[in-house]
Amino acid sequence: MYPVVPGHEIAGIVKEIGSNVQRFKVGDHVGVGTFVDSCRDCEYCDDKLEVHCLKQCVGTFNAVDVDGTITKGGYSNSIVVQERYCYTIPESYPLASAAPLLCAGITVYTPMMRHKMNQAGKSLGVIGLGGLGHMAVKFGKAFGLNVTVLSTSISKREEALTLLGANKFVISSDQEQMAAVAKSLDFIIDTASGDHPFDPYLSLLKTSGVLVLVGAPSEVKFSALSLLHGRRTVSGSATGGTKETQEMINFCAAHGIHPNIEVVPIQYANEALERMIKSDVKYRFVIDIENSLK
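Note that this is a predicted model, so its numbers are computed, not measured. (Residues numbered from 1 in each chain as written. Predicted model: local features only at pLDDT ≥ 70, side-chain atom pairs only at ≥ 80, totals over all residues. Heavy atoms only, no water.)

### Observations regarding the sheet that holds strand β9 (residues 185-190)
As a reminder, the rule being used: Strands qualify as paired when DSSP identifies two bridges or more between them. Secondary structure elements follow DSSP: runs of H or I no shorter than four residues count as helices, runs of E no shorter than two count as strands, and numbering proceeds from the N terminus. Orientation is described by axes fitted as lines to C-alpha atoms, over the contacting stretch for helices, and by angles from 0 to 180 degrees between their N-to-C directions. For this analysis, residues touch if any pair of their heavy atoms sits within 4.5 Å.
Here we have 6 strands laid out as an open sheet, ordered β8-β7-β6-β9-β10-β11, and parallel in their pairing. Here the strands that pair on one side only, and so sit at the sheet edges, are β8 (168-171) and β11 (233-236). With strand direction ignored, the average angle separating the axes of adjacent strands in the sheet is 20°. As paired strands, β9 and strand β10 (residues 205-213) are joined by 5 bridges and run parallel to one another. Its bridge partner being in β10, Leu185 is matched across the sheet by Leu205. The strands touched by helix α4 (residues 131-142) are β6 (123-127), β7 (146-151) and β9; relative to β6, the strand with the most contacts, the crossing angle is about 170°.

Structure representation (structure tokens):
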């Protein structure tokens, strides 16, 4: 709904507060994620899972707010948000690093918590090594998992093993390599948004293994037997609620987990988009609004 002001991974500093604000003061470092309002009354809002609000979870940009206005996001010099939907960023944690946690980070952290992927010694496969995938690898390593990166691109091998510390790298189009890791994974996080087959990946899961889809391919197709043989589960997940998002930020700060980012001025946004389409970024562009608008 034009004009669009995008941006739902926002980190900044509180400039002003309303008279009823309890949790923040001027000067605090705060984040805003993918939503800025919800009904605050349904069972999911009560459980701090506002992203699944039964009435309306209001997106941070390009969504219709409760007053009928269109929300405008982080590609701007300020944003006004109800305090429930803001997150505390520890002073010691860089604001530029905090921004990608608010969508990419929480999108992989939420299903990892839900499916108990924080059990040290278990094995995790990560499909796709972009903004979401590289965070899944970092969380997996922090949880003590054995992490295997599954990619169609041999060029990702060195960065997966050396830069991110994955334990294994498998070319998913190589049948021999895939056969060598069959029935070896407890969990898979699938971050790929391009259309891809699912049966080859499901064959890598152990009995009772779980594949969680966080990317958005246009369709998902697999054989029923891929689930039935091995009692496997396929699950989906969006971003997370306010409670879990704050927990994730605190976890990253406590364990020194930072997204790999490239900071750019807003004038570079179109070039950044072109490079992102070509996978020419490791792994998230972050726009420095403040210095861009001086």
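Still to come is the rest of the account.
### Things to note about the environment of Met178
Stated formally: Only protein chains enter the calculation, and the probe is 1.4 Å; a residue is then buried if its accessible area is under 20% of its type maximum, exposed if over 50%, and partly exposed in between.
One can find Met178 in helix α6 (residues 175-180). For Met178, a relative accessible area of 8% gives the class buried. Measuring from C-alpha to C-alpha, the distance between Met178 and Gly240 comes to 32 Å, with 62 residues separating the pair along the chain. When neighbours within four sequence positions are excluded, Met178 is seen to be in contact with Leu150, Val170, Ile171, Ser172, Pro200, Tyr201 and Leu204.

### Some words on the environment of Phe198
Within the secondary structure, Phe198 sits in the loop between β9 and α7 (199-202). Note on Phe198: relative accessible area 1%, which makes it buried. Residues Phe198 and Asn62, 136 residues apart in the sequence, show an inter-C-alpha distance of 32 Å.

### Describing the UniProt feature "domain: Alcohol dehydrogenase-like C-terminal" (unreviewed entry) in the protein chain
Note the following rule: UniProt positions are given in the numbering used here, feature names are shortened, and annotations may be inferred rather than shown by experiment.
Per the UniProt annotation, the sites labelled "domain: Alcohol dehydrogenase-like C-terminal" (unreviewed entry) are residues 131-253. End-to-end, the C-alpha atoms of residues 131-253 are 18 Å apart, and along that stretch the chain is 37% helix and 24% strand.

### Here we look at the sheet that holds strand β5 (residues 86-88)
Sheet architecture is open: 3 strands sit in the order β1-β2-β5, paired in antiparallel fashion. Single-partner strands in this sheet number two, and they are β1 (10-13) and β5. If you compare each strand with its neighbour and ignore which way they point, the axes differ by 35° on average. Of the pairings in the sheet, the one linking strand β2 (residues 29-32) to β5 comprises 3 bridges and is antiparallel in character. Following the sheet pairing, Val30 is matched in β5 by Thr88.

### A short note on the packing of aromatic side chains
Aromatic rings in a pair are described by how distant their centres are and how their planes are angled relative to each other. Here is the rule we go by: Between the rings of Phe, Tyr and Trp (Trp by its six-membered ring), a pair exists once the centres lie within 6.5 Å; its type follows the angle of the planes, with under 30 degrees stacked, over 60 edge-to-face, and the other angles tilted.
In this structure the tally under the stated criterion is 8 aromatic pairs. Summarising the aromatic geometry, the rings of Phe143 and Phe251 are spaced 5.2 Å apart at their centres and angled 40° between planes, so their arrangement reads as tilted. With Phe143 in the loop between α4 and β7 and Phe251 in helix α9 (residues 242-255), this residue pair connects regions lying 108 residues apart in the sequence. Just as Phe143 is buried, Phe251 falls in that class too. With a centroid separation of 6.5 Å and 65° between ring planes, the pair formed by Tyr268 and Phe285 is classed as edge-to-face. On the criterion of sequence distance, the pair formed by Tyr268 in the loop between β12 (261-264) and α10 (269-277) and Phe285 in strand β13 (residues 284-287) is long-range, its members being 17 residues apart. Given a relative accessible area of 16%, Phe285 falls into the buried group.

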